[in-house]
Structure formats: structure tokens, C-alpha cells
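A structural walkthrough
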Amino acid sequence: MVMWWRRRSLRARLTLATSAGLALALALAAVLLVSALHASLVRDLDVSARQGAVEVAALIEQNRLPSPVPVAPGTLTIQVLDATGRITNISPGADRLVPMLPPAQARAAARTGQARTLAGPPLGLPSMLRVVAVGAAGHHVVISAISYTQASDSLATLARVLAIGTPLLFALLALVTWLLTGYTLRPIAALRRGAAEVTQTGVPRDLPVPLARDEVRLLAVTLNDMLSRLAEAQQRQRDLVSDTAHELRSPIASIRAQLEVALDHPDGVDWAETARDVHADTLRLARLTEDLLLLARLDGQHLRRTPTDLAAVCESVAARYATARVPVRAETAGACVVAGDAEALARLMVNLLDNAARHAASRVYASVWADGGWAVLAVTDDGPGIAPEDAERAFGRFARLDQARARAGGGQDTGEEGAGLGLAIVRSTAQAHGGTVSLGDAGPGLRVVVRLPLVPRSAR
């Protein structure tokens, strides 16, 4: 049963569940209606019978009761019992010998006011009766009976109407539920068709957003945001593949050309120089491959985060640049512990110092200090700097700016041209640690500021 239920569509399950509730509600309503009508009709009959008995009792008390007891034809049947239980007076058509209630029961009913339902044929009456008893003067008891036929006919008519109308109403409500459920789920069907088209074409595009501000609209907006991000990631992946192929083509073509020349003219080639050139191109390929692998790791995996002193990392990495082209100085103001990957943070520092040392005119400064809940790392050089309008573009992968910044020292060519991945790796690393990176003017030169969240002292 459970498996059968789970195999049904959402529309079918909603309709079945709602229909079951409707069936139960309609059945309870029908039972309550019949019960309420029955109680009302019986109460009205009892009131009419008791009112007739009270009037007869009043006539007995006034000693003005005629014989037979005056009643409207076809309404009430009256019997008057004396103290011994003998019938002393009756209404037209009533039995003069057999009381409708035995004397003892009649007196008990008079005391309690309780009415009873009796079968009429044994008493010579054609239908079911509602019988009441009322005490009168001189220990008399007035028994009053009224026909139950009208009430039973009304109940039978209502039962027939309910037997026919309730199933029809249930069928109508079930159909309306099926239609309303389909109409409500129409936006979801549109989302499904849109998602199927995206799956078929492989091209992310916006899914239809319903006008109603409900959960389905929120789902559509969320899915569109996800598809937008997927489209951006897909475009970034295409751009990365294209740029990577372009970057790899140059050193590979250089290596191939040098080796082909050397093989075609082995006697006229300086093999040592050729080896050095091929080795340089190989190192460039290796650096490019490492940078790409690092970017892939930063994009697709979570870093191991352990308490790491950013100031110690800065000092350790800066010490490697003792023989750099320009002096590299590190200044720290005490420990600044962040939750991060020490190796990734060291690579971030290396990229910043490599870039600064390549472009600096005379000096490079690296400093680390705490600012509120942040650890701030700043690397400053006195090179040509970057124009404000190019600051954001500088973080792009394989981004290269003008030649003043593409070559070392404002025109001094070191023979080392980057692949344009350094700042991209810096930003990806900072974002992976919950931080930010910004570029500023050092007047002259470039100032790169990295902000990473500090680890609270209680968590160290």
C-alpha cells in the first residue's frame, strides 16, 4: 500500500487525500444533519403532545372535562386514568379498555416528564407514536400520544436526498480538487519543462517565474539564481580552457621550434644554449600548470583550516627574497592568528611578493597587523602601479595590463613575464578563507591589501 501510494503523482496524492477528507466530512455532516433533524422533530412532537395533555389536565382540575375529550381530528390521542389505573375518559378513536401505558409506567412518566416511542398497531393505531403523561387533579394521569408518521416521513425524505446528493456533491468536489490541484501545479510543470530543455540543450537559461508570490515563485527564483551561477561557471570554464590553450601554445611552440632546428642542423646549434632555452620554457609550463592546479583546488575543494599566524607566514616568505632584485622588508605588529591553510597562505604571499618584486623600482614592503576582528596583510611596491579603472580587471585569470605593468620595474625587462594568474590566485585564496583583496595607489606604486578574519582568542 505504501509503495502504491508513493508511485502516485503529486496531483493524484493531493486529490486522493483531499477527497478522503471530503468524504469523511460529508459523511459526518450527513449524520449530524439527520440526527439534528430527528431530535428537532421529536422535540416538537413531544411539545405538542405535552401541551395537549396539560390542557386536558387543566380541564380536569376545573371539573369541566367533557366526554369524549375534545381534540382536533387526526392530531392527538388522549386517555385519562384515575387513581386505580382505570380509563375514565378518552378522545375520539382511542381505546377505552387498554391504556397506552401501564398505570405504573404512566405515573412514572408523569413524574419524570420523559416521553416514549410506542408501536401504534398493537394499540389499534396505524403508526408509531410519541407518548407523554401528565399528572392531573385527583390522582388522575393524562396520557397523550401523537403520530410519528410526519417526522419519519421527513427523515426518510432527507435520507433519500442525502443518499443521492452527497455522492454527487462529493464527485463534484473531487473534480474541482483535481482541477485546482492541476492549476496550482502548473507553474511546477512549467519549471520541469524548462529544466528538461536546459538538460537537453546543455545551455543554462532562465526558467519561467510565476506571478503569484508563493513558494513556487521562490523556488523558480532560487533555481534561476543557481542556473545563472552555473552559466557563469560554465563561461569561466570555457574562458579558462581557451586562455590556458593559448598560454600553453606559446611555450610548446617555442620548445618544438628549438628542438626541430637543433635536430635539422645539429652541427650549427649551440646545444647548451638550446637546453637552457628549452629548460626555461619547461619551467614556464610547470609554473603555469601548478597555478592552474592551485586555482582548480581553490575553486572545487575546502581548504584545511588550522590556526595559522599570518605574521609568521609573512616573515618566513619575505626571508626567501634576500637575493631579490630589490630589497624586500617585512614588518609585523605581533601575532595575527587566522583560520587557514598555511601552505595556501604562503603561496598567496609568494604571489604578492613575486609580483611586487617584478614591478618595483627600488623597494618592496610587506606588513601585517590586526584591525578589529581582521588580520590585514599589505604588500607595497614603488613600481608603475595600476590605473583605478583596471583594478578589477587585474584579478581576472590570464589578465595582462599595459606593458608598464607587464614588465619589471617600469620598463626594465627581467625576462620573466607572468601568465596573469597571480592576483587571481590571491583573490581565490582570500575568498576561500572568508576574506577580501583590494588594490590601491601607493603613490607611486601599487598597494595590495588582504583582509582575513582573525581567530578569537578563546578558540586558539
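These numbers were taken from a predicted model, which means no experiment stands behind them. (Residues numbered from 1 in each chain as written. Predicted model: local features only at pLDDT ≥ 70, side-chain atom pairs only at ≥ 80, totals over all residues. Heavy atoms only, no water.)

We now examine the sheet that holds strand 12 (residues 446-453). Read from one edge to the other, the open sheet built from five strands follows the order 7-9-10-12-11, with strand pairing classed as mixed. With partners counted over all chains shown, the strands left at the sheet margins are strand 7 (328-332) and strand 11 (436-441), one partner each. Here the strands of the sheet are splayed against their neighbours by 15 degrees on average, with no regard to which way each runs. Pairing analysis gives eight bridges linking strand 9 (residues 364-371) to strand 10 (residues 374-381), with the strands arranged antiparallel. From the neighbouring strand, V364 faces strand 10, where its bridge partner is D381. Helix-sheet contacts for helix 8 (residues 310-318) involve strand 7, strand 9, strand 10 and strand 12, and the interaxial angle to strand 7 is about 165 degrees. Those strands touched by helix 9 (residues 342-359) are strand 7, strand 9, strand 10 and strand 12, and its axis lies near 25 degrees from that of strand 10. (Pairing = 2+ DSSP bridges. Helix = DSSP H or I, 4+ residues; strand = E, 2+ residues; numbered from the N terminus. Axes fitted to C-alpha atoms, helices over the stretch in contact; angles between N-to-C directions. Contact = heavy atoms within 4.5 Å.)

With that out of the way, let us pick up the environment of T75. Along the chain, the position of T75 falls in the loop between helix 2 (10-61) and strand 1 (76-81). In the structure, T75 is positioned 70 residues away from A145 in sequence and 8.7 Å away in space, judged by C-alpha atoms. Sequence-distant contacts of T75, defined by excluding residues within four places in its chain, comprise A145, I146 and S147. Within the structure, T75 has its side chain in polar contact with the backbone oxygen of A72 (distance 2.5 Å). (Polar contact = N/O pair within 3.5 Å; in protein donor to acceptor, adjacent residues only side chain to side chain.)

A few words on the packing of helix 5 (residues 186-201) against helix 6 (residues 215-264). Contact pair helix 5 / helix 6: the axes reach a minimum separation of 10 Å and the direction vectors enclose 15 degrees. On the basis of the axis angle, helix 5 is roughly parallel to helix 6. Here the hand of the crossing between helix 5 and helix 6 comes out left-handed. Residues P187, I188, L191 and V198 of helix 5 lie in contact with helix 6, whose contacting residues are V216, L219, A220 and L227. Looking at the contact of helix 5 with helix 6 residue by residue, the class counts come to eight nonpolar, no polar and no charged. (Parallel < 35°, antiparallel > 145°, perpendicular 65-115°, else oblique. Left-handed = near helix turned anticlockwise from the far one by under 90°. Nonpolar A, V, L, I, M, F, W, Y, C, P; charged D, E, K, R; others polar.)

That bond from S67 to P68 is cis: its omega, -5 degrees, falls within 30 degrees of zero. Along the chain, P68 turns up in the loop between helix 2 and strand 1. Look at N63: it is not a glycine, yet its phi comes out positive at around 60 degrees. Relative to the assigned elements, N63 resides in the loop between helix 2 and strand 1. By relative accessible area, N63 is classed as exposed at 71%. One non-glycine residue, H139, lies in the positive phi region at around 60 degrees. Tracing the backbone shows H139 in the loop between strand 4 (129-136) and strand 5 (140-147). Judged by its relative accessible area of 66%, H139 is exposed. (Buried < 20%, exposed > 50% of the residue type's maximum accessible area, 1.4 Å probe, protein only.)

Attention now goes to helix 5. The end-to-end C-alpha distance of helix 5 is 23 Å, a good match for the 22 Å that 16 residues give at a rise of 1.5 Å each. Along helix 5, the residues that are buried comprise A190, L191, G194 and V198. Buried positions in helix 5, seen along its axis, are confined to an arc of 100 degrees and lie on one side of it. Facing away from the buried surface of helix 5 by more than 90 degrees, the exposed residues are R186, R192, T199 and Q200. (Expected span 1.5 Å × (residues − 1). Arc of directions from axis to C-beta.)

As a packed pair, helix 8 and helix 9 sit with axes 10 Å apart at the nearest point and diverge in direction by 50 degrees. Judged by the inter-axis angle, helix 8 sits oblique to helix 9. At the point where helix 8 passes helix 9, the crossing takes the right-handed sense. Here helix 8 contributes L310, V313, C314, V317 and A318 to the contact with helix 9, which in turn contributes L345, A346, M349, V350 and L353. Of the residues in the contact of helix 8 with helix 9, the class split is 10 nonpolar, no polar and no charged.

Moving on: the pairing of strand 5. Among the eight residues in strand 5, six count as buried, and that is most of the element. Sheet topology note: the strand 1/strand 5 ladder contains six bridges and is antiparallel. Bridge pairing in strand 5 places I78 opposite S144. Looking at chain direction, strand 4 and strand 5 are connected through eight bridges and run antiparallel.

A word on the nonpolar core. Residues L352, L353, L377, V379, L439 and V450 are the most contacted members of the largest nonpolar core, which totals 40 residues. For this core, the secondary structure elements donating two or more residues are helix 8, helix 9, strand 9, strand 10, helix 11 (422-432), strand 11 and strand 12. It is helix 9 that contributes the most residues to this core, eight residues altogether. Excluding residues within four positions of it along the chain, V379 makes contact with M349, L352, L353, A356, V364, Y365, A366, L446, R447 and V448. (Core = buried A, V, L, I, M, F, W, Y, C linked by side-chain atoms within 4.5 Å.)

Looking at where A346 falls in the secondary structure, it is placed in helix 9. Each C-alpha atom, one on A346 and one on V313, is 6.1 Å from the other, the two residues being 33 residues apart in sequence. Excluding residues within four positions of it along the chain, A346 makes contact with V313 and V317.

Averaged over the chain, the pLDDT score is 84; the fraction of residues at 70 or greater is 93%. This stretch, residues 403-417, has a pLDDT under 50; its non-local contacts, to residues over four places away or in other chains, come to 33 contacts. (pLDDT = per-residue confidence, 0-100.)

This part is about the side chain of D382. You can see D382 is positioned in the loop between strand 10 and helix 10 (403-406). For D382, a relative accessible area of 11% translates into the label buried. For D382, the side chain forms a polar contact with the side chain of S362, separated by 2.4 Å. A distance of 3.2 Å separates polar atoms of two side chains, one belonging to D382 and the other to R363. Ignoring anything within four residues of it in the chain, the contact list for D382 reads A360, A361, S362, R363, P444 and G445.

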